[in-house]
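Topology and contacts: notes
What follows is each chain in one-letter form.
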Amino acid sequence: MKRLVFIGIWLIALAKYAGAQEQLNIKQQADKLYERYEYFKSLNLYLKIAEKKKTDVQLMERIADCYRQINDYDDAEEWYAKAVDQPKANKPDHYYYAEVLLRNQKFDRAKEQYEIFYADDAQELALKLSNCDSAAAWMKQPARYIIKNISNLNTQYSDWGLTYDGKTGLIFTSDKINGDDADQRTGNNWFKLYHTNIKGDEIRDMTLSNQSSEKFDNSYHAGPLALNVAGDTAYVTITTEIPAKKIEMDKKISSQNLYTRRLQLGMAKKMNDAWVIFGMFPYNNIQKYSIGSATLSKDGRVIYFSSDMPGGEGKTDLWYCEKQSDGTWGKPINCGKIINTKDEDAFPYIADDGTIYYSSKGLVGMGGYDIYSAKGDKANWSIPQNLKYPINTTSDDFYFITHNGSNGYFSSNRNGGKGSDDIYSFAIKPDSAPSKPIAKISLESPTRLTPGLILKTIYYDLDKSAIRPDAALELDKLALLLNQNSSLKIEIASYTDSRASSEYNLTLSQRRAKAAMDYLVEKGISAYRLTIKWYGKTNLVNNCADGVECTEAEHQLNRRTEFSIIK
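What counts, and at which threshold
Residues numbered from 1 in each chain as written. Predicted model: local features only at pLDDT ≥ 70, side-chain atom pairs only at ≥ 80, totals over all residues. Heavy atoms only, no water. Helix = DSSP H or I, 4+ residues; strand = E, 2+ residues; numbered from the N terminus. Buried < 20%, exposed > 50% of the residue type's maximum accessible area, 1.4 Å probe, protein only. Contact = heavy atoms within 4.5 Å. Areas by Shrake-Rupley, 256 points an atom, 1.4 Å probe, with all protein chains shown as cover. Expected span 1.5 Å × (residues − 1). Phe/Tyr/Trp six-rings, centres within 6.5 Å; stacked < 30°, edge-to-face > 60°. Pairing = 2+ DSSP bridges. Salt bridge = Lys/Arg side-chain N within 4 Å of Asp/Glu carboxyl O. Core = buried A, V, L, I, M, F, W, Y, C linked by side-chain atoms within 4.5 Å.

1. Some details on the overall build of the protein
Of the regular secondary structure elements, the protein holds 11 helices and 30 strands. Put simply, the protein has 567 residues, and 55% of those count as buried. In the protein, the proportion of contacts linking residues at least 24 apart, taken out of those at least 6 apart, comes to 58%. By element, 50% of the accessible surface of the protein is carried by carbon and sulfur atoms, the whole surface being about 25,100 Å².

Put into structure tokens, the structure is as follows:
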């Protein structure tokens with residue numbers, strides 16, 4: 001349930017109606033719990049109702065939503081399937097059904113549901129269909145990494161956010177049983193911090209005491225944290241604990257007033273082998289937005305974090321602050337639209353060489369949170385690179401840490417784990433060569449024709465879809481190959497450079513894909529062997545995104561159509 005913690009929203013209801021709860025029927029009780037995001041409790045009540053009477057579409061939706069929120073994707077799939085089969089199903093049901101189908105690796109069925117939901121949004125549909133295609137293709141490629149579940153640390157609960165503590169220690173966060181209090185969203189305990197040695201065989205609580213002026217007694221979520229190089233200063237993500245009466249009301253649903261307990265960064269010092277919070281990050285604003293999941297540059301002069309503060313590109317963005325000459329932190333600056341998207345971007349980590357690793361839901365990937373890397377610093381970054389399978393899966397993959405890029409740890413709620421979220425190690429296989437997106441081949445050379453292989457790439461003039469003479473030569477070679485291999489089917493995927501609007505470029509890429517298909521059909525290739533797709537200005541091959549100054553030759557590389565094998 002890390003998304004509830006680090007996307008930065010923590011909702012709790014003022015339980016004004018609690019004294020009158022005995023007057024409510026089971027459905028009313030369940031609805032109120034659902035409105036308060038207490039999915040674990042509300043689910044049990046909804047299931048009781050479903051046992052006693054014929055379920056209507058709203059009840060199906062509520063049960064499906066609850067299962068999805070507590071990460072039970074198999075049961076969520078079952079109930080969304082029932083909901084979308086009803087005449088009165090709501091449109092979002094198709095979206096969430098598609099999401100769980102993608103997560104459960106049922107790619108064709110996921111595409112069908114995405115096409116229903118995004119019938120009027122070609123750009124978003126292209127992204128979602130790309131996720132399905134990428135997941136299916138990348139899972140078939142040879143694995144570059146060895147992945148291991150760190151079973152000593154993982155439990156049946158949610159264990160994640162592993163951080164290096166020097167050369168011999170590790171710190172992570174978990175909601176395993178540690179007291180009587182529970183998070184009513186999940187039914188588990190609050191997240192707390194734990195320390196272990198590098199072998200993972202000595203685990204102990206990492207308690208936080210408070211010497212700051214702000215209330216903190218470790219009553220809610222705590223963790224993860226970022227350590228400086230010396231290992232004596234930490235920036236800990238914690239839930240605000242100020243009294244409810246001091247928090248501004250968010251909204252009123254039915255008879256319930258709801259408020260938000262947001263996230264903030266606490267600054268802690270190591271004193272006599274104990275951690276003491278001595279102050280709060282100066283840009284916390286628990287009335288307006290959340291800040292969490294911090295990481296520091298190696299020299300400690302820049303802090304990066306995730307936040308939903310105003311001025312970002314999407315739901316949550318990556319931000320940074322620079323340390324000033326007097327030791328204070330400068331104002332937050334957005335890391336820019338090269339790595340931030342209009343969706344969720346979170347869990348940054350800066351490796352020793354300055355590479356940033358983070359998770360995003362807004363780039364082409366495999367579904368859920370995918371892990372990406374980029375070179376640069378502050379607000380200047382290269383195009384993010386997806387780490388692909390098996391680092392990424394159709395589940396949520398996040399909180400990637402490494403010193404050298406060759407080995408390290410990450411967290412995931414993928415199938416086969418011990419709990420909701422698990423901690424995994426990774427290491428590059430000794431005989432693994434540097435990965436490339438997908439091998440491109442010369443049609444004159446002997447190559448095994450396997451699904452996902454890019455056979456040819458052709459290019460276009462600016463703002464044109466006409467087949468150029470150089471492209472025609474390549475298409476003639478491709479047509480010859482297809483005629484010699486009558487069972488071969490290919491995908492034609494077209495792109496544009498970043499200039500002009502997304503809507504215009506999507507249409508332009510569609511014209512380019514159709515022009516390429518028409519050319520091959522004229523050469524005697526049956527249309528049923530050709531599948532066309534168009535992606536506009538997504539999937540750039542270089543750093544030439546909106547607002548980035550590039551040469552015409554660099555833009556040319558993005559104005560392309562790729563031909564890859566489907567079957």
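Still more to cover.
2. Topic: helix 9 (residues 469-484)
Relative to the 22 Å expected for 16 residues at 1.5 Å per residue, helix 9 spans 23 Å between its end C-alpha atoms, a close match to the ideal helical length. Within helix 9, burial applies to Ala471, Ala472, Leu475, Leu478, Ala479, Leu481 and Leu482. Residues of helix 9 that are buried make contact with strand 27 (454-459), strand 28 (490-494), helix 10 (502-522), strand 29 (530-534) and strand 30 (560-565).

3. Some details on the environment of phenylalanine 40
Among the structural elements, phenylalanine 40 can be located in helix 3 (residues 39-52). Spatially, the C-alpha atom of phenylalanine 40 lies 8.7 Å from that of glutamine 69, the residues being 29 residues apart in sequence.

4. What to know about the environment of tyrosine 96
Position of tyrosine 96 among the secondary structure elements: in helix 6 (residues 91-103). Separated by 18 residues in the primary sequence, tyrosine 96 and tyrosine 114 have C-alpha atoms spaced 9.1 Å apart. Tyrosine 96 has contacts with Arg68 and Tyr80, leaving out every residue within four places of it along the chain.

5. Examining the packing of aromatic side chains
In total, this model carries 30 aromatic pairs according to the counting rule given. A centroid spacing of 6.3 Å and a plane angle of 85° characterise the contact between tyrosine 95 and tyrosine 118, whose relative ring orientation is edge-to-face. With tyrosine 95 in helix 6 and tyrosine 118 in the loop between helix 7 (107-117) and helix 8 (122-138), the pair connects residues that are 23 residues apart, well separated along the chain. On the basis of relative accessible area, tyrosine 95 is assigned to the buried category, the value being 18%. With 6.1 Å between their ring centres and 85° between their planes, tryptophan 160 and phenylalanine 347 make a pair best called edge-to-face.

6. As for the sheet that holds strand 3 (residues 159-165)
Spatial ordering of the open sheet is given by 3-4-5-6, a layout of 4 strands whose pairing is antiparallel. Edge positions in the sheet fall to strand 3 and strand 6 (204-205), since each has one partner strand and no second. Here 5 bridges tie strand 3 to strand 4 (residues 169-174), and the two strands are oriented antiparallel to one another. Residue pairing in the sheet places aspartate 165 in a bridge with glycine 169 of strand 4.

7. A look at the side chain of lysine 533
Position of lysine 533 relative to the elements: it lies in strand 29. Take lysine 533: its relative accessible area is 15%, and that puts it in the buried class. Discounting residues that sit within four places of it in the chain, lysine 533 has contacts with Lys111, Asp133, Glu491, Ile492, Ala493, Ser494 and Ala513.

8. Some thoughts on the pattern of salt bridges
Side chains bearing opposite charge may pair, as long as their charged atoms lie close to each other. Tallied over the full model, the rule gives 31 salt bridges. With a closest N to O distance of 3.5 Å, lysine 533 and glutamate 491 form a salt bridge. Here the residue lysine 533 occupies a position in strand 29, and glutamate 491 occupies one in strand 28, the gap between them amounting to 42 residues. By the burial criterion, lysine 533 is buried, and glutamate 491 matches it. When the shortest N-O distance is used, the salt bridge between glutamate 562 and arginine 560 registers 3.1 Å. For the pair formed by glutamate 562 and arginine 560, the shared burial category is buried. Residues joined by salt bridges that share partners form a network here, namely Lys111, Asp133, Glu491 and Lys533.

9. Thoughts on the nonpolar core
Ranked by internal contacts, the top residues of the largest apolar core, which has 40 residues, are Tyr46, Ile63, Trp79 and Tyr114. The set of elements that each furnish at least two residues to this core consists of helix 2 (26-35), helix 3, helix 4 (57-69), helix 5 (73-84), helix 6, helix 7 and helix 8. In terms of residues, this core owes the most to one element, helix 4, which gives 7 residues. Aside from chain neighbours lying at most four places away, what touches tyrosine 114 is Tyr95, Ala98, Glu99, Leu102, Leu125, Lys128 and Cys132. Leu170, Leu387, Ile423 and Tyr424 belong to the second largest nonpolar core, which has 28 residues in total.

10. Side note on the pairing of strand 9 (residues 233-239)
By the criterion of burial, strand 9 is predominantly enclosed, with 7 of the 7 residues buried. Taking every second residue as pointing to the same face, both faces of strand 9 are buried, with Thr233, Tyr235, Thr237 and Thr239 on one and Ala234, Val236 and Ile238 on the other. In this sheet, strand 9 lies alongside strand 8 (residues 222-227) in antiparallel orientation, the contact comprising 4 bridges. The partner of leucine 227 across the bridge, within strand 9, is alanine 234. Taking the residues between adjacent antiparallel strands as the criterion, strand 8 and strand 9 are bridged by 5 residues, where glycine 231 takes a positive phi near 75°. Pairing of strand 9 with strand 12 (residues 263-271) involves 7 bridges; the strand directions are antiparallel. Within strand 12, the position partnered with threonine 239 by the bridge is leucine 263.

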